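# Observations on the model geometry
As a plain string of letters, each chain reads:
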Protein chains: 4
Amino acid sequence: MSGNGFGHLFRFTTFGESHGPAIGCVVEGVPPRLPLAESDIQFWLDRRRPGQSRFTTQRKEPDAVRILSGVFEGLTTGTPIGLLIENVDTRSKDYSDIKDKFRPGHADYTYWKKYGIRDYRGGGRSSARETAMRVAAGAIARKILGDSIRIRGALVQMGPHRIDREAWDWAAVEDNPFWCPDRKAAQSWKGYLDKLRKDGSSIGAVVEIVAEGVPAGLGAPVYNKLDADLASAMMGINAAKSVEIGAGLRAAELRGEENADEMRMNPDGSVRFLSNNAGGILGGISTGQDIVVRFAVKPTSSILIPRKTVTVHGEDSDILTKGRHDPCVGIRAVPIGEAMMACVLADHMMRQRAQCG
Amino acid sequence: MSGNGFGHLFRFTTFGESHGPAIGCVVEGVPPRLPLAESDIQFWLDRRRPGQSRFTTQRKEPDAVRILSGVFEGLTTGTPIGLLIENVDTRSKDYSDIKDKFRPGHADYTYWKKYGIRDYRGGGRSSARETAMRVAAGAIARKILGDSIRIRGALVQMGPHRIDREAWDWAAVEDNPFWCPDRKAAQSWKGYLDKLRKDGSSIGAVVEIVAEGVPAGLGAPVYNKLDADLASAMMGINAAKSVEIGAGLRAAELRGEENADEMRMNPDGSVRFLSNNAGGILGGISTGQDIVVRFAVKPTSSILIPRKTVTVHGEDSDILTKGRHDPCVGIRAVPIGEAMMACVLADHMMRQRAQCG
Amino acid sequence: MSGNGFGHLFRFTTFGESHGPAIGCVVEGVPPRLPLAESDIQFWLDRRRPGQSRFTTQRKEPDAVRILSGVFEGLTTGTPIGLLIENVDTRSKDYSDIKDKFRPGHADYTYWKKYGIRDYRGGGRSSARETAMRVAAGAIARKILGDSIRIRGALVQMGPHRIDREAWDWAAVEDNPFWCPDRKAAQSWKGYLDKLRKDGSSIGAVVEIVAEGVPAGLGAPVYNKLDADLASAMMGINAAKSVEIGAGLRAAELRGEENADEMRMNPDGSVRFLSNNAGGILGGISTGQDIVVRFAVKPTSSILIPRKTVTVHGEDSDILTKGRHDPCVGIRAVPIGEAMMACVLADHMMRQRAQCG
Amino acid sequence: MSGNGFGHLFRFTTFGESHGPAIGCVVEGVPPRLPLAESDIQFWLDRRRPGQSRFTTQRKEPDAVRILSGVFEGLTTGTPIGLLIENVDTRSKDYSDIKDKFRPGHADYTYWKKYGIRDYRGGGRSSARETAMRVAAGAIARKILGDSIRIRGALVQMGPHRIDREAWDWAAVEDNPFWCPDRKAAQSWKGYLDKLRKDGSSIGAVVEIVAEGVPAGLGAPVYNKLDADLASAMMGINAAKSVEIGAGLRAAELRGEENADEMRMNPDGSVRFLSNNAGGILGGISTGQDIVVRFAVKPTSSILIPRKTVTVHGEDSDILTKGRHDPCVGIRAVPIGEAMMACVLADHMMRQRAQCG
């Protein structure tokens, strides 16, 4: 396979560059007869869209998605769903600077080394613009999962500032520009991020995605474990540098009797876990508990502070990246992480049905 | 795909349960005319083999690998390489306890929920025994990578005890039973782990894998990024709960100017990075720097301390797991992480050659 | 995988229905820095376009292809190439007849049974309209193959009328509306097909595709043999009912000494085969001779002669299909077969480079 | 993927050379809790085993299969099933002749050109010995399909001698050494083949495989159509040179009104087709009729008649192949074709369940 698609039975394949004419994708394997309209997808795209607060890039994209196939009279037909978003705000700017210089921390240098050519406009294929298609695919995946599975994401750390997990309130997530579940933290992050923005700097963050209502039994050991597929999904998001499941890195510090989630029967015959260090996955298979994934996002490297770099001509140089960008790209990663979770679960739900009925 | 193979062009597919007659795998896509003998594979298997110190499980497996195909007169032929290891030390013990009870923190419950049946003997398919085949495949992957790429792993944290990174000495790694690169830390870990073992408990750990000499340009954006594939590879290792690339989780706390690795020209025309927060990967493609991956391994759940659980019959119960096991499974994860790194790199090297020549 | 893509390293994934807003595809794995313009693709689309003679459907589609990604300043970038063709001539006709009735010999019934829903307009996803995307992908595949490999197709049989193979003239293929390499046969086919068209009937045909200049060594035994992949490629073309390689079905009648192609050395040290019953493939791997594939195409089932059928409501009925259609769909299958040959070869060329350098 | 496996959800991956220590495979995706014993597989292997009459190669292989994993207490567990057959009759013969010469019509030359090395002993990987693993996988596939689907094969043509289809009697198939459904033809073939054998020659054949009871709806348009996957499956069988579905090549000669299978309602509400030119597949999806596939097998090239060839050293030479071989390899292809049909159907049944429930 050639790297532009994700998933097996539920699979999407994307194309498009930041400043090309359009981005798009093909979503395959969707079960037939699901109600699906463009507005179902647009809803999630609008959540992801940049430029909605001063804390994200000011690129103004309507991101109006068109369904080009696979839906007939409001229902999916089982054939591939073609999605397209025209790029509108590809302002003809002067690229002379980044055309010849590699921005440190960006994919400029590696695309150049890999392909010997690069579309330097707006980051080309490596731009976060591509993630709109992940969100679109995720919207369709949610249709497959149905209402009994709920997927939500939140920003749980911005720079050194962690939320107070005791203060977690899902309702708060929609009330602040950071998807922060801790109202107090959200309040303090505003000043912190304003300061960073004024400095022309940026900061990393940690995103947490939770899926509730996932039945036990999803996951294909031993190389398409549910956690391995989630790790691939989240690490593949632009700027991600770590992925954790459940207790995650902290599991390294736990003793066996602290880590293993004990079990008890519920009166109704179902099983109850007394904790969730596993993050809802054991042996690569879902336990029926909440699936909990976290991933760290590095600070954007497009900053107003000059950095040392080299040119395509092999000369030392300095660079500072002007123009619109995000002081904390982690914010925009929240809906993307949700979408990838939805896609992984939809795929595994279909795989489970195929093998185990 | 059905979850028992890893890789695309360099691909291996494994089979086998802990207490079945044998484990094995098929390694596909190996370039022809590479020298390969059973001893080349055995060398790495022996490193991984448990029971070599008092700090790993006392299961005594000779783990003698047989090459069943794909090699002729000492050279690979380009056809699939079949590998087989007979299980020897599958002592006929009494399984009556774990037969009916789910061990908390184990895959017992999830296999049961997924398949409605489970081979409970020694963990069946979910046993770490399967990882011998990853190590075997990794040995072949190293042959493909050649001598210019060097892959090494180390245990950098045991429970709360981190190594002193300033004291890192690769030579030390071979000198202690923990693959610890910090001699002083290794010394202190002995007592720590002995104590845990005597308590009948266990502890988590963090493994770090470093690949030197990897050329720039490996990785298939945007869904088979090198880091995404490594995340899948490492998270798929038994008991892994987190994966980090380069600065990893710490990237969340960095500012843009701290995180982005600056670049300078070397006198010989090559490019030099002034730091390696990226862990050798930008935009999912290798930079030419060291590839640095870390993963956390949870403590084994097979402990001598009774834990609350339920039975297959839906009753509350308690369980304690007698018999041989590892107080710190992270130790045995080191050679497995190395092997998975080798497999990912070999696959991407071939993919790169296919597309970009 | 979910059935809408073809190929491994060189891979394309299509979407779109006959009467939806557009058809499109994503072409992945294309090597970077190949010159590519829309006109390169349009050239081959124009060859395939229906309505160019009275012998093919009168649907008038400009089939103007747009490249949406993967090309920068006239060169491929190695990233996926998104292609789009808007559907224009989707005349709003009355579908009340085929809406409820299954056309015998069509996919109407099977889509209904598979998906429980179908886009009946113009055949929906099962329409030959989709094949425009195969031709487009094939145009890109030809760029990868380069000028040393030449792929050409011809119609070698129409109904019971076979060409005289002694009269084969590739130049003739471009001179008649049938891609017929035998000028005399082409002349006589005109009257034959006019008669069929007036009868409101249709007829089957046999297409032959020849690839010259293919190096020895392409093909991945034993389940992605070059011939097995070609068989999949050609049988997957709409209305195809048989695929043959080289002597094909006639090989059943040959004795060993007649069938096996003898070999001799050329003065320049290359190998010469004294015949080509193998069709250029032995053991699933190319021999260096011409690759020769033939496939039979059934007559279109959309005819003006009433046929017995049933309705979605479970009633017996009769149907005759009015409107534009092809009296011999085999004609239009020629450029599609060429395109699929190009795609298979491009994929295997890259696979060969990956494994064997 | 690297060419040694077949299928997607139900997938098997094989390894092994004709004269290596063993052949084997891994069968993935098998649903759990199916009864499976070695004898279930052995039954089909015994049918395929050569040396059972004077009309097939006299290689004497017990072909005793061992199940190494994936079965517990007589039931499949859902984990991969490892199968192994030790090679026994690999008589140490003198290979000096074929070591340096390429047998015309064999894969000798192409493996050499592809890999630059070849295991010349008994044909190495390209030997029909590998097909034992297809039969073994097919035995498991049959378990998945259950009793309502019946797959049978027959030899319908040997050289120029076709069976009388009116005389077709499935019971006859088991009664003669050719799997011939026409008792009279079988009788006459004996003399014909004895004569060929005495001449040291060989002959081609045509195999027909029929699957009854296949539900409508199987097949994944438009690139994993059921017929495209069957074409790949059958063309991938050693020595196959053509594949036909239903009317096959003869469809080229049919008019639309002759070809399209008319439909009528049965009193019980089911649909009845009045003919089966489609071979049970329309638009790549099963219709519910019998699936009918035919493939031509070329004559073996291992004959006692000297043929012109070249050596690895680039010299002209002659060769005749002594030792055991089949005068009509088509005979042994019958159970292999049945097995491949079973594997394709099992895979598509699971894919259908995954997407359409």
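Since we're looking at a predicted model, the values are computed, not measured.

Next up on the list: unusual backbone geometry. With omega at 5 degrees, the peptide bond leading from P221(A) into V222(A) counts as cis. The phi angle at E73(C) is positive, at roughly 50 degrees, despite the residue not being glycine. Inspection of the secondary structure assignment puts E73(C) in the loop between β5 (71-72) and β6 (75-76). Of note, W179(C) is a non-glycine position whose phi angle comes to about 55 degrees, a positive value.

What follows deals with the sheet that holds strand β3 (residues 22-28) of chain B. All names here are of chain B. Spatially, the five strands line up as an open sheet ordered β1-β2-β3-β7-β4, and their pairing is antiparallel. Across the chains shown, the open sheet's two edge strands, defined by having one partner strand only, are β1 (5-6) and β4 (65-67). Where β3 lies against strand β7 (residues 81-86), six bridges are found, and the strand directions are antiparallel. Residue pairing for β7: I23 is matched across the bridge by I85. Where helix α4 (residues 131-145) meets the sheet, its contacts fall on β2 (11-16), β3 and β7, and the angle it forms with β7 comes to roughly 145 degrees.

Before going further, it helps to examine the relation of the copies chain B and chain A. The two copies are related by a screw motion: chain B maps onto chain A through a turn of 180 degrees and a shift of 0.0 Å along the axis, at an RMSD of 0.0 Å. Expressed as an axis order, the relation between the two copies is that of a two-fold axis. Here 100% of the contact residues of chain B are again contact residues in chain A; the copies associate through an equivalent surface.

Rotating chain B by 180 degrees about the axis while translating it 0.0 Å along that axis superimposes it on chain D, leaving an RMSD of 0.0 Å. Here 100% of the interface residues in chain B have copies in chain D that are interface residues too; the copies meet face to matching face.

Residues and elements named next belong to chain D. Counting buried positions along strand β3 (residues 22-28) gives seven out of seven residues, so the element sits mostly inside the fold. Of the two faces of β3, the one carrying A22, G24, V26 and E28 and the one carrying I23, C25 and V27 are both buried. As judged from the six bridges shared by strand β2 (residues 11-16) and β3, these two strands associate in the antiparallel manner. Paired with G16 across the bridge in β3 is I23.

Here we take up the sheet that holds strand β8 (residues 150-158) of chain B. Overall, antiparallel pairing links the ten strands, which are arranged β9(A)-β8(A)-β10(A)-β16(A)-β11(A)-β11(B)-β16(B)-β10(B)-β8(B)-β9(B) in an open sheet. In the strand order of this sheet, the two ends are held by β9 (161-162) of chain A together with β9 (161-162) of chain B, each with one partner. Direction of pairing for strand β11 (residues 240-245) of chain A relative to strand β11 (residues 240-245) of chain B: antiparallel, over a ladder of three bridges. Paired with V243(A) across the strands is V243(B), a residue of β11(B).

Of the residues lining the interface, 108 residues belong to chain B; the matching set on chain A comes to 109 residues. Carbon and sulfur atoms supply 57% of the area buried between chain B and chain A, which totals about 8,400 Å² over both sides. Across the contact surface, chain B and chain A share ten salt bridges. One salt bridge connects D316(B) with R264(A), and the closest N-O pair in it is separated by 3.8 Å. Summed over the shared surface of chain B and chain A, the number is 52 residue pairs in polar contact (both at pLDDT 80 or more).

Attention now goes to the interface of chain B and chain D. Many authors give the size of an interface as the accessible area that is lost as the parts come together. Taken together, the contact between chain B and chain D spans 47 residues of the former and 47 residues of the latter. Carbon and sulfur atoms make up 62% of the area that chain B and chain D hide from each other, which totals about 3,600 Å². The tally of links between chain B and chain D comes to two salt bridges. The partner of R66(B) in a salt bridge is E86(D), with the nearest N and O atoms 4.0 Å apart. The tally of links from chain B across to chain D stands at 14 residue pairs in polar contact (both at pLDDT 80 or more). Secondary structure elements with two or more residues in the side of chain B that touches chain D: β2, β3, β4, β6 (75-76), β7 and α3 (108-115) of chain B. Here the side of chain B that touches chain D takes five residues from β2(B), the largest share from any one element.

Residue and element names in this part refer to chain B. Overall, the coordinates contain zero disulfides over all chains when judged by the stated rule. Among the cysteines around C25, which has no disulfide bond, C343 carries the closest sulfur, lying 8.9 Å off. C180 takes part in no disulfide bond, and the closest cysteine sulfur, belonging to C328, lies 11 Å away.

Turning our attention to the pattern of salt bridges. Inspection of the entire model under this criterion finds 108 salt bridges over all chains. A salt bridge links R129(B) to D63(B), with the nearest nitrogen and oxygen atoms 2.8 Å apart. With R129(B) in the loop between α3 and α4 and D63(B) in the loop between α1 (38-48) and β4, this pair connects stretches of sequence that are 66 residues apart. Taking the relative accessible area as the measure of exposure, R129(B) reaches 5% and is therefore buried. By relative accessible area, which is 0% here, D63(B) ends up buried. The network of salt bridges with shared partners includes R47(A), R142(A), E174(A) and E338(A).

Here we take up the packing of helix α7 (residues 226-235) of chain D against helix α9 (residues 330-356) of chain D. Residue and element names in this part refer to chain D. Contact pair α7 / α9: the axes reach a minimum separation of 10 Å and the direction vectors enclose 145 degrees. Two packed elements cross with a definite hand, and for α7 against α9 that hand is right-handed. Packed against α7, whose contacting residues are L226, D229, L230, A233 and M234, the element α9 presents G337, M340, M341, V344, L345, H348 and R351 at the interface. Residue composition of the contact of α7 with α9, grouped by class: eight nonpolar, two polar and two charged.

When you line up the elements, H313(D) lands in the loop between β17 (307-310) and β18 (316-319). Between the C-alpha atom of H313(D) and that of K101(D), which follows or precedes it by 212 residues, the distance is 8.7 Å.

A word on the packing of aromatic side chains. Applying the stated criterion to the full structure yields 44 aromatic pairs over all chains. Ring geometry for F12(A) against Y223(B): centres 5.3 Å apart, planes inclined by 85 degrees, an arrangement best described as edge-to-face. With F12(A) in strand β2 (residues 11-16) and Y223(B) in the loop between β10 (205-212) and α7 (226-235), the pair connects residues from two separate chains. Here F12(A) falls in the buried class, since its relative accessible area comes to 0%. A relative accessible area of 4% means that Y223(B) is categorised as buried. Site record: aromatic cluster; members linked through ring pairs are F102(A), Y109(A), W112(A) and F273(B). Sitting over the face of the ring of Y115(B), K114(B) holds its NZ or CZ atom 5.6 Å from the ring centroid.

Procedures and definitions
Residues numbered from 1 in each chain as written. Chains lettered and ligands numbered in written order. Predicted model: local features only at pLDDT ≥ 70, side-chain atom pairs only at ≥ 80, totals over all residues. Heavy atoms only, no water. Helix = DSSP H or I, 4+ residues; strand = E, 2+ residues; numbered from the N terminus. Pairing = 2+ DSSP bridges. Contact = heavy atoms within 4.5 Å. Axes fitted to C-alpha atoms, helices over the stretch in contact; angles between N-to-C directions. Least-squares fit on C-alpha atoms with pLDDT ≥ 70 in both. Buried < 20%, exposed > 50% of the residue type's maximum accessible area, 1.4 Å probe, protein only. Buried area = accessible area lost by both parts, 1.4 Å probe. Salt bridge = Lys/Arg side-chain N within 4 Å of Asp/Glu carboxyl O. Polar contact = N/O pair within 3.5 Å; in protein donor to acceptor, adjacent residues only side chain to side chain. Disulfide = S-S within 2.5 Å. Left-handed = near helix turned anticlockwise from the far one by under 90°. Nonpolar A, V, L, I, M, F, W, Y, C, P; charged D, E, K, R; others polar. Phe/Tyr/Trp six-rings, centres within 6.5 Å; stacked < 30°, edge-to-face > 60°. Lys NZ or Arg CZ within 6 Å of the ring centre and 35° of its normal.

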